[in-house]
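# Understanding the architecture of this molecule
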Amino acid sequence: MKTQRLLYLSKGDVERVNVPMEEIIETLDEAFTEKGHGRIEMPPKPGIHPVPDAFIHAMPAYIPSLGSAGIKWVGGYPENYKRGLPYITGLVILNDPETGIPLSVMDCIWITAMRTGAATAVAAKYLAHKESKTIGILGCGVQGRTNLKALKTVIPALDEVKAYDISDDAARMYAEDMGRETGLDITIVGNPREAVEGSDIVVTAGPILKTPNPAIEGEWLKAGVFASPVDFDSYFKKSAFEACDKFVTDDRDQCLYYKSLGYFQHIPEIHGDLGEIAAGLKPGREKGDEKIICANLGLAMDDMATAIKIYKAAVDKNIGTWLEI
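Below is a short write-up of the structure. Note that the coordinates shown come from a computational prediction; the quantities given were computed from them, not determined experimentally. (Residues numbered from 1 in each chain as written. Predicted model: local features only at pLDDT ≥ 70, side-chain atom pairs only at ≥ 80, totals over all residues. Heavy atoms only, no water.)

### As for the packing of aromatic side chains
One pass over the full model with this rule turns up seven aromatic pairs. Centroid distance Y257 to Y258: 5.7 Å. Interplanar angle 55°. Geometry classified as tilted. Taking relative accessible area as the criterion, Y258 reaches 6% and is therefore assigned buried. Seen from their ring centres, Y258 and Y263 are 5.8 Å apart, and the 85° between their planes marks the pair as edge-to-face. Note on accessibility: Y258 and Y263 belong to one class, buried. (Phe/Tyr/Trp six-rings, centres within 6.5 Å; stacked < 30°, edge-to-face > 60°. Buried < 20%, exposed > 50% of the residue type's maximum accessible area, 1.4 Å probe, protein only.)

Listed below in structure tokens is the structure:
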């Protein structure tokens, strides 16, 4: 029997591979188009919930056009910061689609952060004003950073950021770090309303909560806004969802499944999922004054589209550790 090996990539290895955000956005755009045409296999993600508001999910997907098959086993624990631990942790396993043999095991923290921002950017490509200038970021953690980085890539006209976080220290560090990284003018604001009102784009990136205390009112959303609630419906009140002209999600079935669990109780009818829009089967933004909310839930195909690029680049750069199976 032939000896089988897999490539182990630690968190540091994945970061050293450093696939550019632009490439991840392009790859996810292709994956969403494939999804829209029904050419991706991705069952609903099962999960377990050992403590309140925490989850551990299994996320498998197969993307034939990218030659990527695998699964992410990921946990999200909002209270981990009290222990000095990250909110999101887990592993990705990539398999050879032809043989099923594992190709790689890699840390998922960097992948999850980058692909989530990239998915927001794909949504913005079809749903936001290209001339959007002002963005409100609510939640200055990892997702607040990668979402801004990704959105600046697809909306180069962005020049003003209003950043809000319940932690003054987090907001201050965000303004310093992201101002330096993006060159954007970042203003720290004292409450959610200041971050939302007048913003062309709104991103909420707090923890996902089963029983949230939402803040954003419908009247705060300006005409023509594009909003991306990365944290499900944790920040948006019923009036905000009622005020939107189109509600989009990255996966209709998963969104309705989460609704059955108690999330998204106030969303309007789903206009379409992002794959249908990327594939040209449903329209994106049609009018300048449309208020559009796109709730990306986070899909396994996002991870597999990103992971295969990391694996190939790691092999080329000789990064990682080969292990016998």
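### Examining the pattern of salt bridges
In this structure the tally under the stated criterion is 23 salt bridges. A salt bridge links D273 to K35, with the nearest nitrogen and oxygen atoms 3.1 Å apart. One end of the pair, D273, is in strand 13 (residues 270-273); the other, K35, is in helix 2 (residues 21-36), with 238 residues separating them in the sequence. Judged by relative accessible area, K35 falls into the buried class, the value being 16%. Of the charged contacts in the structure, one is a salt bridge between E286 and K246, with a shortest N-O distance of 2.7 Å. Within this pair, whereas E286 is found in the loop between helix 9 (274-278) and strand 14 (292-295), its partner K246 is found in strand 12 (residues 246-249), the two being separated by 40 residues in sequence. With relative accessibility at 53%, the residue E286 sits in the exposed group. Several salt bridges share partner residues, and in doing so they unite K35, D251 and D273 into one network. (Salt bridge = Lys/Arg side-chain N within 4 Å of Asp/Glu carboxyl O. Helix = DSSP H or I, 4+ residues; strand = E, 2+ residues; numbered from the N terminus.)

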